[in-house]
Amino acid sequence: MAARVGLLLPHALLVSSARALPTPRARLPYPPPPIPTYRRRASSASRPRRASPRLLAVRAMASGNPYAAELAAAKKAVTLAARLCKTVQQDIVHSGVQAKADKSPVTVADYGSQILVSLALKMDVASGPFSLVAEEDSEELRKEGAEEILEDITDLVNETIVDDGSYNISFTKEGILSAIDDGKSEGGPSGRHWVLDPIDGTKGFLRGDQYAIALALLDDGKVVLGVLACPNLPLSSINNLNGNSSGDQVGALFSATIGCGAEVESLYGSPPQKISVCSIDNPVNASFFESYESAHSMHDLTGSIAEKLGVQAPPVRIDSQAKYGALARGDGAIYLRFPHKGYREKIWDHAAGSIVVTEAGGIVTDAAGNDLDFSKGRFLDLDTGIIATNKNLMPSLLKAVQEAIKEMNQATSLL
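Calculation notes
- Residues numbered from 1 in each chain as written.
- Predicted model: local features only at pLDDT ≥ 70, side-chain atom pairs only at ≥ 80, totals over all residues.
- Heavy atoms only, no water.
- Helix = DSSP H or I, 4+ residues; strand = E, 2+ residues; numbered from the N terminus.
- Buried < 20%, exposed > 50% of the residue type's maximum accessible area, 1.4 Å probe, protein only.
- Areas by Shrake-Rupley, 256 points an atom, 1.4 Å probe, with all protein chains shown as cover.
- Expected span 1.5 Å × (residues − 1).
- Arc of directions from axis to C-beta.
- Contact = heavy atoms within 4.5 Å.
- Pairing = 2+ DSSP bridges.
- Axes fitted to C-alpha atoms, helices over the stretch in contact; angles between N-to-C directions.
- Salt bridge = Lys/Arg side-chain N within 4 Å of Asp/Glu carboxyl O.
- Core = buried A, V, L, I, M, F, W, Y, C linked by side-chain atoms within 4.5 Å.
- Parallel < 35°, antiparallel > 145°, perpendicular 65-115°, else oblique.
- Left-handed = near helix turned anticlockwise from the far one by under 90°.
- Nonpolar A, V, L, I, M, F, W, Y, C, P; charged D, E, K, R; others polar.
- pLDDT = per-residue confidence, 0-100.

Student: What is the right way to look at the overall build of the protein in this model?
Tutor: The helix and strand inventory of the protein stands at eleven helices and 16 strands. Counting all 415 residues of the protein, 55% fall into the buried class. Carbon together with sulfur atoms contributes 51% to the accessible area of the protein, which is approximately 17300 Å² in total.

Pasting the structure below:
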């Protein structure tokens, strides 16, 4: 293992298992009170250990999955990132930082998540050129005044690696910056490109609500694999509007590979279960998901669409691509996303979620009924918005969407 680390990760320093890491810093670069501590919540011995990516790959290959090794590595990567994110979110919630304008804690988690995903993919599947299209780069961390937050990220990443126990390495600060910049790929129509949103649903993360670590693989411009780690999503169905289920096990890991269907399992280890979208064919009996934040989607438009369909249930509003996972297992029937004018969708906001839904038997298109095209680089060029549902409801949904958009455009032109 050590020899391979040296080849793949020149920015990481090897450490022996007996060597103690520095005590994590207990401060972030914003004024008190209060300040999160980012300390481990439990020893590694108290946490269930997932099967190794190699073992998972062997099991997957036995079922005929052509991307078995990549799927196993992707699951490992997002699970490791979720461990770091949970630590930071717990500190945010306990300290009340979510009420502050300063987003330093979520910045720490964003960077840390991206670094750990890049590390796991390089360790377990990278055998040639490595391409990662991700949200973050190191520009802000290289500026004057960012030294302390860089040290916090370094400490937290190294602590998470030690706590997990899978990799015997430690990052230097320069290694941290280099690892973040692994995500600067532009993607495109040829070759293989990993696509990552290290924390999808930033506002939900800050509130202590839903978020996801979303990772997908493009092969010659097509999404062929996706995983969604949803640490706060119930493992079984959502049964109320807030996306929580009293007494249910929390922490869901959704996965899908092209041609192999979609599955859900516990984020902490359990046998995967096949999932499928709901079979509802009458819109009156349907429910729909949309963004929790009105700034992320036009709720007036989605309300008009629901009215035209005759939907009786109120919208289920939750953050992040957790909506795709919930839709894929039949918690609801429709997903609507209509960003405000001028917003350009990024591929990492939909790549993983869309394949989970389509492999569960659903359909994901733009507002004109076109398939989403992930081959154009870091952005999605699409018509107006994104819709997802089952095959039974798609014709009536498309009709309602196009009528509602036409009416909205007509009303806007009269102003």
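Student: Sorry, what's going on with helix 11 (residues 394-413) here?
Tutor: Between its first and last C-alpha, helix 11 extends 28 Å over 20 residues, near the 28 Å set by a 1.5 Å rise per residue. For helix 11, every residue scored as buried is listed here: Met-394, Leu-397, Leu-398, Ala-400, Val-401, Ala-404 and Ile-405. On an axial view of helix 11, the arc spanned by its buried residues comes to 165°, and they lie on one face. Away from its buried face, by an angle of more than 90 degrees, helix 11 presents the exposed residues Pro-395, Lys-399, Lys-406 and Ser-413. Taken together, the buried residues of helix 11 touch helix 8 (299-309), strand 12 (334-337), strand 14 (363-366) and strand 16 (386-389).

Student: Help me understand the pairing of strand 16, please; the structure alone is not making it clear to me.
Tutor: As a general feature of sheets, a regular strand has side chains that alternate between the two faces. Side chains Ile-386 and Ala-388 of strand 16 all project onto a buried face; the interleaved residues Ile-387 and Thr-389 project onto the opposite face, where all are buried too. Bridging between strand 12 and strand 16 involves four bridges; their strand directions are antiparallel. Looking across to strand 16, one finds that Ile-334 is bridged to Thr-389. Here strand 14 pairs with strand 16 via four bridges, running antiparallel. Opposite Val-364, over in strand 16, you have Ala-388 as the bridge partner.

Student: Whenever I open this one, helix 10 (residues 351-359) confuses me. Can you help?
Tutor: Two residues of an α-helix separated by three or four positions point the same way, owing to the 3.6 residues in each turn. Along helix 10, seven of the nine residues are buried, which leaves the element largely enclosed by surrounding structure. Those residues of helix 10 not exposed but buried are Ala-351, Ala-352, Gly-353, Ser-354, Ile-355, Val-356 and Val-357. Looking one or two residues beyond helix 10, the residue adopting positive phi is Gly-361, at roughly 100°.

Student: Just checking my understanding: could you explain the sheet that holds strand 9 (residues 273-275) for this structure?
Tutor: Hydrogen bonds between backbone groups are what pair the strands of a sheet, and the pairing can be parallel or antiparallel. If you trace the seven strands from one edge of the open sheet to the other, you get 2-4-5-6-7-8-9, paired in mixed fashion. Since the sheet does not close on itself, it has two edges, and those belong to strand 2 (132-134) and strand 9, each with one partner. Each strand of the sheet is rotated relative to its neighbour by a mean of 20°, with strand direction disregarded. As paired strands, strand 7 (residues 250-257) and strand 8 (residues 262-266) are joined by five bridges and run antiparallel to one another. Within strand 8, the position partnered with Phe-254 by the bridge is Val-264. Together, strand 4 (192-200), strand 5 (212-219), strand 6 (222-234), strand 7 and strand 8 form the strand contacts of helix 10, whose direction differs from that of strand 6 by roughly 95°.

Student: Whenever I open this one, the pattern of salt bridges confuses me. Can you help?
Tutor: Opposite charge on two side chains lets them pair, provided their charged atoms get close. For the structure on display, the rule yields 19 salt bridges. We note a salt bridge from Lys-143 to Glu-140, for which the minimum N-O separation is 2.9 Å. Notably, a salt bridge pairs Glu-407 with Lys-308, separated by 2.8 Å at the nearest N-O pair. A residue pair is termed long-range when its members are at least 10 positions apart, and Glu-407 in helix 11 and Lys-308 in helix 8 qualify at 99 residues. On the basis of relative accessibility, which here comes to 42%, the residue Glu-407 falls in the partly exposed class. When salt bridges with common partners are traced through the structure, they connect Glu-70, Arg-192 and Asp-219 into a single cluster.

Student: Is there a simple way to explain the environment of Ala-360 in this structure?
Tutor: Along the chain, Ala-360 falls in the loop between helix 10 and strand 14. Along the backbone, Ala-360 and Ile-275 are 85 residues apart, and their C-alpha atoms lie at a distance of 6.0 Å.

Student: Quick question: what am I supposed to make of the nonpolar core here?
Tutor: Across soluble globular proteins, you tend to see nonpolar side chains buried next to one another. Counting residues in hydrophobic clusters, the biggest one holds 56 residues, and the most contacted among them are Ile-153, Val-157, Phe-171, Phe-205, Ile-213 and Leu-215. Within the second largest apolar cluster, 41 residues are counted, among which are Val-195, Ala-216, Val-264 and Val-277.

Student: Sorry, what's going on with the packing of helix 8 against helix 11 here?
Tutor: Two measures define how a pair of helices packs: the angle their axes make with one another and the distance between the axes. Closest axis-to-axis distance for the helix 8/helix 11 pair is 9 Å, and the angle between their directions is 130°. Taken as axis vectors, helix 8 and helix 11 run oblique relative to one another. Crossing of helix 8 against helix 11: the hand is right-handed. Contact with helix 8, carried on its side by Leu-301, Ser-304, Ile-305, Lys-308 and Leu-309, involves Ser-396, Leu-397, Ala-400, Val-401, Glu-403, Ala-404, Ile-405, Glu-407 and Met-408 of helix 11 and no other residues of that element. When grouped by side-chain class, the residues that make up the contact of helix 8 with helix 11 number nine nonpolar, two polar and three charged.

Student: Explanation requested: the confidence of the model for the protein in the structure shown.
Tutor: Regions with low pLDDT should not have their predicted coordinates read in detail. For the protein, the mean per-residue pLDDT works out to 83, and 78% of the residues sit at or above 70. Confidence drops under pLDDT 50 across residues 1-49; counting only partners more than four residues distant or on other chains, this segment forms 113 contacts. Predicted confidence is poor over residues 98-102, with pLDDT under 50, and the contacts of this stretch with residues over four places away or in other chains come to nine contacts.

Student: Can you walk me through the sheet that holds strand 14 in this structure?
Tutor: Here five strands make up an open sheet; going across it, the order is 11-10-12-16-14 and the pairing mixed. One side of each edge strand has no neighbouring strand; the edge strands of this open sheet are strand 11 (316-317) and strand 14. As paired elements, strand 10 (residues 288-290) and strand 12 share two bridges and run parallel to each other. What sits directly across from Phe-289, in strand 12, is Tyr-335. Packed onto the sheet, helix 8 meets strand 10, strand 11 and strand 12 and runs at close to 170° relative to strand 10. Packed onto the sheet, helix 11 meets strand 12, strand 14 and strand 16 and runs at close to 155° relative to strand 16.

Student: Looking at this structure, how should I read the pairing of strand 8?
Tutor: Buried residues dominate strand 8, accounting for four of its five residues. Here strand 7 folds back onto strand 8 in antiparallel fashion, the turn holding four residues, of which Gly-259 has a positive phi close to 80°. Sheet topology note: the strand 8/strand 9 ladder contains three bridges and is antiparallel. Note that in strand 9 the partner of Glu-263 across the bridge is Lys-274. Connecting strand 8 to the antiparallel partner strand 9 that follows it, the hairpin turn spans six residues, and Gly-269 within it adopts a positive phi of roughly 105°.

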